[in-house]
Amino acid sequence: MMRRNNEATERHAERRRREDEAPRLAAAFPSLLTLKLHLQEAKGDVSVAETGHIRHVVVANAPLLFEMPCRDTACKDGGHDVTNAIAKSLKAGEKNFVGEHQCTGYVGDTPCQRLLRYTATATYK
Ligand SMILES: [Zn+2]
């Protein structure tokens, strides 16, 4: 239990560090006004209802870093880094775009089956 807590704390610290080091969203995309992400995880073809949520990105302060944790509690070292995919769409000035990302973690010895789907809505100046 103690070890698990330490790992969680380390992961949190690592995440904070990466967020601090990432470029600011507003600096990278000066014309970006708002960004809303609808996130939903699926396991195979089945959506996992409780994982659905909307994230309103605070463009003025947000880092250019879109890493979502895997919501499977049994998943180890998982997560969804969709930073590059979203940055590419924002760079292209896309207003509505979707994407998905397969979790990179493991549940026991098997690769995690969770798939993150996002639907993004962006507005520009
Ligand atoms: Zn996972």
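Above this text you will find the structure in question.
A quick note: this is a predicted structure, and the numbers were derived from the prediction, not measured.

A. Quick look at the coordination of the zinc ion. At this site the zinc ion is bound by Cys-70 (SG), Cys-75 (SG), Cys-103 (SG) and Cys-112 (SG), with donor distances of 2.3 to 2.4 Å. The sequence pattern describing where the donors of the zinc ion fall on their chain is C-x4-C-x27-C-x8-C. Pair noted here: Cys-75 is in the loop between strand E4 (67-68) and strand E5 (80-81) and Cys-103 is in the loop between strand E6 (96-102) and strand E7 (106-107), with a separation of 28 residues, a long-range link. On the basis of relative accessibility, which here comes to 15%, the residue Cys-75 falls in the buried class. For Cys-103, a relative accessible area of 6% puts it in the buried group.

B. Geometry of the pattern of salt bridges. Applying the stated criterion across every chain, the model contains seven salt bridges. A salt bridge links Glu-14 to Arg-17, with the shortest nitrogen-to-oxygen separation between them at 3.2 Å. Linking Glu-14 with Arg-17, this pair stays in helix H1 (residues 2-21), spanning three residues, or about one helical turn. Since its relative accessible area comes to 39%, Arg-17 is described here as partly exposed. Taking the shortest distance from any N to any O, the salt bridge between Arg-117 and Glu-100 comes out at 3.2 Å. Highlighted residues: Arg-117 in strand E9 (residues 114-124) and Glu-100 in strand E6, separated in sequence by 17 residues. One salt-bridge network, in which partners are shared between bridges, spans Glu-14, Arg-17 and Glu-21.

The rules behind these values
- Residues numbered from 1 in each chain as written.
- Predicted model: local features only at pLDDT ≥ 70, side-chain atom pairs only at ≥ 80, totals over all residues.
- Heavy atoms only, no water.
- Donors = N, O, S within 2.8 Å, 3.2 Å for Na, K, Ca; no water.
- Helix = DSSP H or I, 4+ residues; strand = E, 2+ residues; numbered from the N terminus.
- Buried < 20%, exposed > 50% of the residue type's maximum accessible area, 1.4 Å probe, protein only.
- Salt bridge = Lys/Arg side-chain N within 4 Å of Asp/Glu carboxyl O.

Limitation: the analysis is restricted to geometry and does not speak to function.
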